[in-house]
Amino acid sequence: MKVDILTLFPEMFEGVFQSSILKKAIDQNFLQYHYINFRDYTDNKHNKVDDYPYGGGAGMVLKPQPIFDAIASIEKEETVKPRIILMCPQGEPYTQRKAEELAKEDHLIFICGHYEGYDERIRTGLATDEISIGDYVLTGGELGAMVVIDSVVRLIPGVLGNDTSAVEDSFSTGLLEHPHYTRPAEFRGMKVPDVLLSGNHAHIDTWRRKQALKRTFLRRPDLLENQSFSVEEKEWLKQ
Ligand SMILES: O=C(OCc1ccccc1)c1cn[nH]c1
């Protein structure tokens, strides 16, 4: 997968690309990434990337020209049109489903904005997707782009050691994850549930499913809306 990132602060990404999973993905050539500082594409002698809003009002707006020209500088394989993703609070709420959709793409381009936002022509004339990572305003789109890149790259087949962990992810089942335990079997008086020590995998799977349902019901009932349950599971939820 090729990832191009339009940003005014490329150095922000160095840390995230050093993380073990992304570094491995890069070393094993699952991921190639490039930064483009769209300030390098301004056509004015002051290298301004933003300007005052038409119609007045506070704040500055990102000019379309530097971003359009920065995007034009990215070589694109003719066959596959890349996704051009605008990070902004007005975008669609980001979900694991969206991560799975983007993980199938060969080429992603991220536009990380700043200031009050983007000139609308960037939205209408360039972006294929607009993504929000949450209902809050950040100083720029970089952190959002890192969240999307991290959650997408880990889904590329082969990037994670044992593929199963991506499949069993919480949200991949549509539920929150069940509790996890590891050694010791008792720690400071807190014991691991006996079922997990029983070796009976049918019972263990049932226990895990029940715990995931219960935890989701208590913490994120909204996730249960698009779920179908067996009669027995409906009984559990009533408890
Ligand atoms: O603040 C965000 O992006 C930075 C940004 C971009 C455009 C205008 C203002 C701020 C953001 C919040 N959730 N997802 C993204």
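Conventions used here
- Residues numbered from 1 in each chain as written.
- Predicted model: local features only at pLDDT ≥ 70, side-chain atom pairs only at ≥ 80, totals over all residues.
- Heavy atoms only, no water.
- Helix = DSSP H or I, 4+ residues; strand = E, 2+ residues; numbered from the N terminus.
- Rg over C-alpha atoms; globule rule 2.2 N^0.38 Å.
- Buried < 20%, exposed > 50% of the residue type's maximum accessible area, 1.4 Å probe, protein only.
- Areas by Shrake-Rupley, 256 points an atom, 1.4 Å probe, with all protein chains shown as cover.
- Lys, Arg positive; Asp, Glu negative; His and termini not counted.
- Charge placed at Lys NZ, Arg CZ, Asp CG, Glu CD.
- Salt bridge = Lys/Arg side-chain N within 4 Å of Asp/Glu carboxyl O.
- Axes fitted to C-alpha atoms, helices over the stretch in contact; angles between N-to-C directions.
- Parallel < 35°, antiparallel > 145°, perpendicular 65-115°, else oblique.
- Left-handed = near helix turned anticlockwise from the far one by under 90°.
- Contact = heavy atoms within 4.5 Å.
- Nonpolar A, V, L, I, M, F, W, Y, C, P; charged D, E, K, R; others polar.
- Pairing = 2+ DSSP bridges.
- Phe/Tyr/Trp six-rings, centres within 6.5 Å; stacked < 30°, edge-to-face > 60°.
- Near = heavy atom within 4 Å.
- Polar contact = N/O pair within 3.5 Å; in protein donor to acceptor, adjacent residues only side chain to side chain.

### Focus on the overall build of the protein
Next up, step 1: For the protein, the helix and strand inventory stands at ten helices and nine strands.
Next up, step 2: In terms of overall size, the protein is more extended than a compact globule, its C-alpha atoms giving a radius of gyration of 22 Å where 239 residues would be expected to give roughly 18 Å.
Next up, step 3: With respect to the three principal axes, the spread of C-alpha positions in the protein is 70 × 40 × 40 Å.
Next up, step 4: Residues classed as buried in the protein amount to 42% of the 239 residues present.
Next up, step 5: Surface exposure of the protein reaches about 14000 Å², of which carbon and sulfur atoms provide 54%.
Next up, step 6: A distance of 6 Å separates the average location of the 28 positive side-chain charges in the protein from that of its 37 negative side-chain charges.

### Focus: the pattern of salt bridges
It is possible for side chains of opposite charge to pair when their charged atoms get near one another.
Next up, step 1: Inspection of the entire model under this criterion finds 15 salt bridges.
Next up, step 2: We note a salt bridge from Asp 129 to Arg 83, for which the minimum N-O separation is 2.9 Å. Linking Asp 129 in strand β7 (residues 129-132) with Arg 83 in strand β5 (residues 83-93), this pair joins segments that are 46 residues apart in sequence.
Next up, step 3: Salt-bridge contacts for Glu 130 lead to Arg 123; the nearest nitrogen and oxygen are separated by 2.8 Å.
Next up, step 4: What makes Glu 130 partly exposed here is its relative accessible area of 21%.

### Side note on the packing of helix α9 (residues 201-219) against helix α10 (residues 231-238)
Next up, step 1: Contact pair α9 / α10: the axes reach a minimum separation of 10 Å and the direction vectors enclose 50°. Here α10 runs oblique to α9, going by the angle between their axes. Taken as a pair, α9 and α10 cross one another with a handedness that is right-handed. Contacts between α9 and α10 involve Thr 206, Arg 209, Lys 210, Leu 213 and Phe 217 on the former and, on the latter, Glu 233, Trp 236 and Leu 237.
Next up, step 2: Residue classes in the contact of α9 with α10 are distributed as four nonpolar, one polar and three charged.

### A few points about the pairing of strand β1 (residues 2-6)
Next up, step 1: The buried fraction of β1 amounts to five of the five residues, a majority that puts the element mostly inside the structure.
Next up, step 2: Burial along β1 is two-sided: Lys 2, Asp 4 and Leu 6 facing one way and Val 3 and Ile 5 facing the other are all buried.
Next up, step 3: Examined bridge by bridge, β1 and strand β2 (residues 32-36) share five bridges and lie parallel to one another. Counterpart to Asp 4 in the pairing with β2 is His 34.

### With respect to the packing of aromatic side chains
Next up, step 1: Here the structure, examined in full by the defined rule, presents five aromatic pairs.
Next up, step 2: Aromatic pair Phe 17 and Tyr 33: ring centres 3.7 Å apart, planes at 15°, arrangement stacked. In this pair, Phe 17 is assigned in helix α1 (residues 14-17) and Tyr 33 in strand β2, connecting sequence segments 16 residues apart.

### Structural notes on unusual backbone geometry
The phi torsion of most residues other than glycine is negative, and most of the peptide bonds are trans.
Next up, step 1: Cis geometry is adopted by the peptide bond preceding Pro 184, which originates at Arg 183 and carries an omega value of 10°.
Next up, step 2: With respect to the helices and strands, the residue Pro 184 is situated in the loop between α7 (164-167) and β8 (186-187).
Next up, step 3: A positive phi is found at Tyr 115, a non-glycine position, where the angle reads about 65°.
Next up, step 4: Mapped onto the secondary structure, Tyr 115 falls in the loop between β6 (107-112) and α5 (120-125).

### Here's the deal with the site of the ligand
Next up, step 1: As a structural note, the neighbourhood of the ligand is formed by 15 residues, with Ile 133, Gly 134, Tyr 136, Leu 138 and Gly 140 the closest of them.
Next up, step 2: The backbone of Gly 134 places a nitrogen or oxygen atom 3.2 Å from a nitrogen atom of the ligand.
Next up, step 3: Here an oxygen atom of the ligand and a backbone polar atom of Leu 138 are 2.7 Å apart.
Next up, step 4: Here the ligand, which alone exposes 380 Å², has 97% of that area covered by the protein.
Next up, step 5: Of all the elements, β5 adds the most residues to the shell around the ligand, at three residues.

### A look at the side chain of His 107
Next up, step 1: Within the secondary structure layout, His 107 lies in strand β6.
Next up, step 2: Looking at His 107, the relative accessible area reads 0%, which means it is buried.
Next up, step 3: In terms of polar contacts, His 107 uses its side chain to reach the side chain of Lys 2, at 3.5 Å.
Next up, step 4: Setting aside residues up to four positions removed in sequence, His 107 forms contacts with Lys 2, Asp 4, Ile 74, Glu 75, Glu 77, Pro 82 and Arg 83.

None of this, on its own, says anything about what the molecule does.
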